[in-house]
Each structure stands twice: as C-alpha cells, then as structure tokens.
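Summary of structural features
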Amino acid sequence: MKSYKDLDIYNLAFAYSIEVHHASLKMPKFELYEQGSQVRRSSKSVKDTIVEGYGRRRYKQDFIKFLTYSHASLLECMGQLETIQELYNIAEVPELIDKYDKLGAKIFAFILYVENNWKS
C-alpha cells in the first residue's frame, strides 16, 4: 500500500459520502441544516477517520483506534439514514443503508486483519 487511496474501504466510503451528500440535498429545506447536515458530516467522517488512521499506521494501536472511530461514524450515518428513510421519501436512501451495512462489514474485517497481521 502506497496510499490510503489503495484501501477499498476508503474508496467505498468516499463514493458513498458523495452519494449521501447528493441525496441529503433532496430533503425539505428546513432539514438541510439539521438532519441533512448531520448525515453529511457522519458520512464524511467515515472516510476522514480512515485517512487519519492510515496516517498513523506505523502505530498499530492508533491505526486500529481510528478504524474503530470510522466504524462508529458509519453506524451513526446508518442511524441518520434510517431516520431519513422513515421521515422522507428519498429513493436513494434504502440502497445507501444497504451499502453502508456492507461497508461496515468490510471495515470490521479490516480491523481484524490489522489486529492479527499488521506489523508496527
């Protein structure tokens, strides 16, 4: 790995954050700066904490800690998306929930990989 951009979990998280951004702009205007802002921030936090953790990859425990933060942000994002799904009829939201669920499994698997195989 030469860059965090070589990580599948980063690339997926980045792509999904763009999708969440666009979907959130379909919410009612009064929600753009409330629920919309929250889901945008949590989705971007997933990718950002992967990047920050990668920057600390020399220190295995720090890398694991930031990957765990990324997974926690993913769960927050899913919770926000589930609320949006209940409140508003935005066609992309169910698919985004499914994508984030699968990404969560990949992040968890990568955490296990780092725990068991990473050389610090």
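The following paragraphs examine the structure supplied in this document. (Residues numbered from 1 in each chain as written. Predicted model: local features only at pLDDT ≥ 70, side-chain atom pairs only at ≥ 80, totals over all residues. Heavy atoms only, no water.)

In this section: the side chain of Ser70. Within the element layout of this structure, Ser70 appears in helix 3 (residues 60-87). In this structure the side chain of Ser70 is engaged in a polar contact, spanning 2.8 Å, whose partner is the backbone oxygen of Val46. Sequence-distant contacts of Ser70, that is, excluding residues within four places in its chain, are made with Val46, Thr49, Ile50 and Ile107. (Helix = DSSP H or I, 4+ residues; strand = E, 2+ residues; numbered from the N terminus. Polar contact = N/O pair within 3.5 Å; in protein donor to acceptor, adjacent residues only side chain to side chain. Contact = heavy atoms within 4.5 Å.)

Here the focus is the side chain of Gln80. Relative to the helices and strands, Gln80 is located in helix 3. Of the residues examined, Gln80 reaches a relative accessible area of 16% and is grouped as buried. (Buried < 20%, exposed > 50% of the residue type's maximum accessible area, 1.4 Å probe, protein only.)

We now examine the nonpolar core. Counting 32 residues, the largest nonpolar core has Ile9, Ile50, Leu67, Leu81, Tyr100, Leu103 and Ile107 as its most contacted members. Counting only elements with at least two residues in this core, the list comes to helix 1 (8-24), helix 2 (35-55), helix 3 and helix 4 (93-117). Broken down by element, the residue count for this core peaks at 9 residues, all from helix 4. (Core = buried A, V, L, I, M, F, W, Y, C linked by side-chain atoms within 4.5 Å.)

Taking 1.5 Å of rise per residue, the 25 residues of helix 4 would be expected to cover 36 Å, and the 35 Å separating its terminal C-alpha atoms lies within 8% of that figure. Considered for burial, the residues of helix 4 that qualify are Val93, Leu96, Ile97, Lys99, Tyr100, Leu103, Gly104, Ile107, Phe110, Ile111 and Val114. Among the structural elements, helix 1, helix 2 and helix 3 are those in contact with the buried residues of helix 4. (Expected span 1.5 Å × (residues − 1).)

What follows covers the pattern of salt bridges. Taken as a whole and judged by the stated rule, the model has 8 salt bridges. The partner of Glu52 in a salt bridge is Arg56, and the shortest N-O contact between them spans 3.2 Å. A relative accessible area of 36% places Glu52 in the partly exposed class. Glu95 serves as the salt-bridge partner of Lys99, at 3.5 Å between the closest nitrogen and oxygen. Of this pair, Lys99 and Glu95 are both found in helix 4, 4 residues apart, which corresponds to roughly one turn of the helix. Classification of Glu95 by relative accessible area gives partly exposed; the value is 48%. Where salt bridges share partners, they join Glu19, Glu95 and Lys99 into one cluster. (Salt bridge = Lys/Arg side-chain N within 4 Å of Asp/Glu carboxyl O.)

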